[in-house]
Amino acid sequence: MTSTASFKTPSDRSCLAVVLAAGEGTRMNSGKPKVLHQVANRSMIGHVLSTLAKAGATSVAAVVGPDREDVANEVRKGFPGAQIFVQRDRLGTAHAVLSAREALEQGADDVIVAFGDTPLVLAETFAKLRAPLAQGAGLVAMGFEAQDPTGYGRFITSGDELLAIREHKDANEAERAITLCNGGLMAIRGDLALSLLGRVENNNAKGEYYLTDIVEIAHGLGYRTAVAIVPEDEVHGVNDRAQLAAAERMIQDRLRQEAMASGVTLVAPETVFLSHDTRLGRDVLVEPHVVFGPGVVVDDGAVIHSFSHLEGARIAPGAGVGPFARLRPGASVGPKAKVGNFVEIKNTELGAGAKVSHLTYLGDASVGAGANIGAGTITCNYDGFGKYRTEIGEGAFIGSNSSLVAPVAIGKGAFVGSGSVITDDIPDDALGLGRGRQIVKEDWAIAFREKARAAKEK
Ligand code: UD1
Ligand code: MG
């Protein structure tokens, strides 16, 4: 779901976004770089890049740690044409931005500095951050009122002017009492960026080149330095798994609110998990405890019943799915079709009004309109080497507990007798039976019991 909120971007200004992602993410205690961890099924840096694109970034320079081809690839995927720069030694945020010197030298009207581990910033916010640049400000820093300001840089202000940002470790008692803190992101006038950054020194508590120092430098040179205030949630940065879970919570909450605002009923929103790209139509009803993996589109008026798990699936108007259904990539459920409980569907199209009501696996199949797939039907689509297709014609009726051994085709209007193992095609309107013929032995049970009892009494 994409936000429908409209906002103004100074669209005639070019904008270079420098995304810092060279952090080691030690506290994640992970084999994977921090910015590749996901929220709402997309990497954190993927979120940042997509938001920057929405906010009108015209080019991206990502700063990554040494040997981080995986991060570089994710960046290229998230923003085609992005330039990648490697920061060999982590000498601070200003040093990190300067690692992208070549990109800065190419010249842009606006430069945004964003962090790859701060995935909740909204496009509106980046736009708001840029806006004062178009009106002559030299730089704009993003601030928030911190519940607990410990660790953050503090905004030293005078009226609307930002005089300096003091890092926590360098702040005195009075400065530490300030609760207006630095969210970390900044917008800088493109033609000033390199000269401001070039003046930053590292004589501070951490011995680092602080990006935040350019505020005092710019102010000292007579440029206007402005502040954009955002809610604290938006600047939530992720350093450990608990903060990752908190980011997930916040993004889920946003996605649920957006879904409801667009006309979706979520009976118990806090139990429904959405993906960044979930698309739900009007009057879709989602019962409690449903998980949407990536790539799901649900059209108007469909119902997703409880305890269903969907991924890469398309659901047409008026269809019903679940409870306890699993739709895997390539599942396509036709208009008013029904997928019932304990049914798994993969790479299969169900025609309009088709019914698969219970206990079934359909993989690599197509099911014609109005067909009825009985309980316990299994498509045997895999022989350990290749995958094969099962074609089921319109209006066909598959008796319960049948195995359809692919490749195989069941004709239109054909019947399959219950319990069949079908290995050969069945023509239209025919009956296919593939099972042992039933035999009945009259009074067999009486004879059996007598014999068994006698043997026991001996
Ligand atoms: C920074 C800000 C602080 C602000 C806080 C908000 C500075 C000096 N301080 O502090 O005012 O309140 O963010 O969260 O900017 N990075 C690199 N290379 C480096 C150093 C950092 O790529 O050499 C990246 C990190 O991976 C991270 C981002 O820059 O994504 C911020 O760095 P971090 O060390 O978290 O800065 P803070 O101390 O949190
Ligand atoms: Mg930080």
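Look above for the structure.
The text that follows walks through the structure, step by step, so that each part is easy to find.

Cut-offs applied
Residues numbered from 1 in each chain as written. Chains lettered and ligands numbered in written order. Predicted model: local features only at pLDDT ≥ 70, side-chain atom pairs only at ≥ 80, totals over all residues. Heavy atoms only, no water. Helix = DSSP H or I, 4+ residues; strand = E, 2+ residues; numbered from the N terminus. Rg over C-alpha atoms; globule rule 2.2 N^0.38 Å. Buried < 20%, exposed > 50% of the residue type's maximum accessible area, 1.4 Å probe, protein only. Contact = heavy atoms within 4.5 Å. Areas by Shrake-Rupley, 256 points an atom, 1.4 Å probe, with all protein chains shown as cover. Phe/Tyr/Trp six-rings, centres within 6.5 Å; stacked < 30°, edge-to-face > 60°. Near = heavy atom within 4 Å. Polar contact = N/O pair within 3.5 Å; in protein donor to acceptor, adjacent residues only side chain to side chain. Salt bridge = Lys/Arg side-chain N within 4 Å of Asp/Glu carboxyl O. Core = buried A, V, L, I, M, F, W, Y, C linked by side-chain atoms within 4.5 Å. Pairing = 2+ DSSP bridges.

### A look at the overall build of the protein chain
A tally of helices and strands in the protein chain yields 10 helices and 34 strands. In terms of C-alpha radius of gyration, the protein chain reaches 30 Å, well past the compact-globule figure of 23 Å for 458 residues. Overall size of the protein chain, expressed as C-alpha extent along the three principal axes, is 105 × 60 × 40 Å. Counting only residues that meet the buried cut, the protein chain has 48% of its 458 residues in that class. Long-range contacts, defined as pairs at least 24 residues apart, comprise 44% of the intrachain contacts of the protein chain with a sequence gap of at least 6. Here the protein chain has roughly 21500 Å² of accessible surface; of this, 50% comes from carbon and sulfur atoms.

### Some details on the packing of aromatic side chains
Under the definition given, this model contains five aromatic pairs. Ring centres of Phe-324 and Phe-342 lie 5.1 Å apart, and the angle between their planes is 20°; on these two criteria the pair is classed as stacked. Taken together, the positions of Phe-324 in the loop between strand 21 (320-321) and strand 22 (325-327) and Phe-342 in strand 24 (residues 338-350) put the pair 18 residues apart, joining distant regions of the chain. Given the relative accessible area of 39%, Phe-324 is considered partly exposed.

### Some remarks on the site of ligand 1
Taken together, 19 residues lie around ligand 1, and Gln-87, Thr-93, Gly-153, Glu-167 and Asn-182 are the ones closest in. Within the backbone of Gly-23, one N or O atom sits 3.0 Å away from an oxygen atom of ligand 1. Separating an oxygen atom of ligand 1 from a backbone N or O atom of Leu-91 is a distance of 3.4 Å. If ligand 1 stood free it would expose 750 Å²; the protein chains cover 85% of that surface.

### Quick word on the pattern of salt bridges
Within the structure shown, the criterion is met by 14 salt bridges. Arg-130 is paired through a salt bridge with Asp-110; the nearest N and O atoms lie 2.8 Å apart. Of this pair, Arg-130 sits in helix 5 (residues 123-134) while Asp-110 is found in strand 6 (residues 110-115), placing the two residues 20 residues apart along the sequence. Judged by its relative accessible area of 1%, Arg-130 is buried. Note on Asp-110: relative accessible area 0%, which makes it buried. With its nearest N and O atoms 2.9 Å apart, the salt bridge here joins Asp-191 to Arg-189. What makes Arg-189 partly exposed here is its relative accessible area of 22%. In the salt-bridge network here, residues are joined through shared partners; they are Arg-13, Asp-110 and Arg-130.

### Side note on the nonpolar core
Counting residues in hydrophobic clusters, the biggest one holds 73 residues, and the most contacted among them are Val-18, Ile-45, Leu-52, Phe-126 and Ile-214. Counting residues per element, this core draws most heavily on strand 1 (residues 15-21), at seven residues. Here Ile-214 is in contact with Leu-139, Met-186, Ile-188, Leu-196, Leu-197 and Val-200, once residues within four sequence places are set aside. Counting 54 residues, the second largest nonpolar core, distinct from the first, contains Val-290, Ala-319, Ile-392 and Leu-404.

### A word on the pairing of strand 8 (residues 154-158)
Where strand 8 meets strand 9 (residues 161-166), five bridges bridge the pair, whose relative direction is antiparallel. The residue bridging Thr-157 from the neighbouring strand is Leu-162, located in strand 9. Counting the residues between successive antiparallel strands, the hairpin from strand 8 to strand 9 contains two residues, one of them, Gly-159, with a positive phi of roughly 60°.

Shape descriptors only; they carry no functional weight alone.
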